[in-house]
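Topology and contacts: notes
Here is what each chain is made of, one letter per residue.
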Amino acid sequence: MSQALLAQGDFTSAVNAGQAAIILNSIDSLNYINVSRIFETFISSLLTVQNPDNQQKENLNNVYKATLNNYKTAAELDPKNPDIPLYIARLHFSMNSISEAKKSIDESLALKPDYANAYFLYSQIFEQENKMDDAIYNAQKAKLNNSNDIGILFQLGNLYYKNGQLDMAQKEFENTLSLYPTHSNSRYILGLVYDKNGLKDKAIEQFEKILELSKKPEIGENGF
């Protein structure tokens, strides 16, 4: 019910339903995770507010603490679940608490050393810190453990591009598009790579393909 209410945009009722589930079963970690995920939708909306007033800042801080507390309770109930510390890491990252995010990623990787999503988040953090070599390394680790995830593949290719490794970027995006030929973002960056490498005809071909794809209905839930 909480998920259905959230989908309808009724945040308050969604939280109430989630809290009711906790009351009915207080030892199921999923109930606490569910409430935290609902809170995170509210955090996302608060973070988009430009020049927030003091009340909005207080609301954000209070929801952040409530979200974190629910995740911590879930972790106590399910201490071997690597997803939970990664959820916590993403929460910290969204609030720009970078050092705390890194600690939580390390906790997740201690539970699951081959966790691609943890390496992916590390890659995003290092990119934000402009530590491109570390960002690329972690994106490579993520790909090594999940070579079919479009988000990971795009991240790695884009990092190569931003770091000036055009040949690596070209190879990465060509491989990505062999798996996901309708992923327009990959085609766009590949077009930029071709252009920088002097392959003007190939660049134009990519941009024309993007225009063609934009006229078609979306193929999947992620639009590719």
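Residues numbered from 1 in each chain as written. Predicted model: local features only at pLDDT ≥ 70, side-chain atom pairs only at ≥ 80, totals over all residues. Heavy atoms only, no water.

Details of the nonpolar core
How we decide: Put simply, buried Ala, Val, Leu, Ile, Met, Phe, Trp, Tyr and Cys residues joined by side-chain atoms within 4.5 Å make one nonpolar core. Accessible area is worked out with a 1.4 Å probe on protein chains only. A residue is then buried under 20% of its type maximum, exposed over 50%, and partly exposed in between. Put simply, DSSP H or I for four residues or longer makes a helix, DSSP E for two residues or longer makes a strand, and each gets a number counted from the N terminus.
Within the largest apolar cluster, 36 residues are counted, with the highest numbers of intra-cluster contacts made by L86, I105, L109, L121 and I125. Listed by contribution, the elements that provide at least two residues to this core are α5 (83-94), α6 (98-111), α7 (116-128), α8 (132-145), α9 (150-162), α10 (166-179) and α11 (184-196). Residue contributions to this core peak at 8 residues, all from α7. I33, F39, L68 and Y71 belong to the second-largest nonpolar core, a separate cluster that totals 22 residues.

Section: the packing of aromatic side chains
We count it as follows: Only Phe, Tyr and Trp rings take part, Trp by its six-membered ring, and two of them pair if their centres are within 6.5 Å. Stacked means planes under 30 degrees apart, edge-to-face means over 60, and tilted covers everything else. Charge over a ring is defined by NZ of Lys or CZ of Arg lying within 6 Å of the ring centre and within 35 degrees of the ring normal.
Scanning the model with the defined rule gives 6 aromatic pairs in all. Members of the aromatic cluster, each reached through a chain of ring pairs, are F11, F39 and F42. Sitting over the ring of Y87, R37 keeps its end group 4.6 Å from the ring centre.

Observations regarding the side chain of T67
Worth spelling out the cut-off: A contact between two residues is defined here by any heavy atoms of the two lying within 4.5 Å.
Tracing the sequence through the fold places T67 in helix α4 (residues 54-77). T67 sits in the buried class, given a relative accessible area of 0%. Excluding residues that lie within four positions of it along the chain, T67 makes contacts with S36, F39, E40, I43 and L91.

Quick notes on the pattern of salt bridges
The criterion, for reference: We count a salt bridge whenever a side-chain nitrogen from Lys or Arg sits within 4 Å of a carboxyl oxygen from Asp or Glu.
Evaluation of the coordinates by the stated rule reveals 8 salt bridges. The partner of E172 in a salt bridge is K143, and the shortest N-O contact between them spans 2.8 Å. You can see E172 sitting in helix α10 and its partner K143 sitting in helix α8, a full 29 residues away along the chain. Given the relative accessible area of 7%, E172 is considered buried. One connected set of salt bridges, linked through shared partners, spans K102, E129 and K131.

Side note on the packing of helix α3 (residues 29-47) against α4
So the rule is basically this: Interaxial angle, 0 to 180 degrees, is taken between N-to-C directions of lines fitted to C-alpha atoms, where a helix line uses only the stretch in contact. Roughly parallel refers to an angle under 35 degrees, roughly antiparallel to one over 145, roughly perpendicular to one between 65 and 115, and oblique to any angle outside these ranges. Should the near helix be turned anticlockwise from the far one by less than a right angle, the crossing is termed left-handed; should it be turned clockwise, right-handed. Put simply, Ala, Val, Leu, Ile, Met, Phe, Trp, Tyr, Cys and Pro go in the nonpolar bin, Asp, Glu, Lys and Arg in the charged bin, and everything else, Gly too, in the polar bin.
Contact geometry of α3 with α4 gives a least axis separation of 8 Å together with a crossing angle of 155 degrees. Viewed along their axes, α3 and α4 adopt a mutual orientation that is roughly antiparallel. Handedness of the crossing formed by α3 with α4: left-handed. In contact with S29, Y32, I33, V35, S36, R37, F39, E40, F42, I43, L46 and L47 of α3, α4 contributes N59, L60, V63, Y64, A66, T67, N70, Y71, T73, A74 and L77. For the contact of α3 with α4, the per-class residue count stands at 15 nonpolar, 6 polar and 2 charged.

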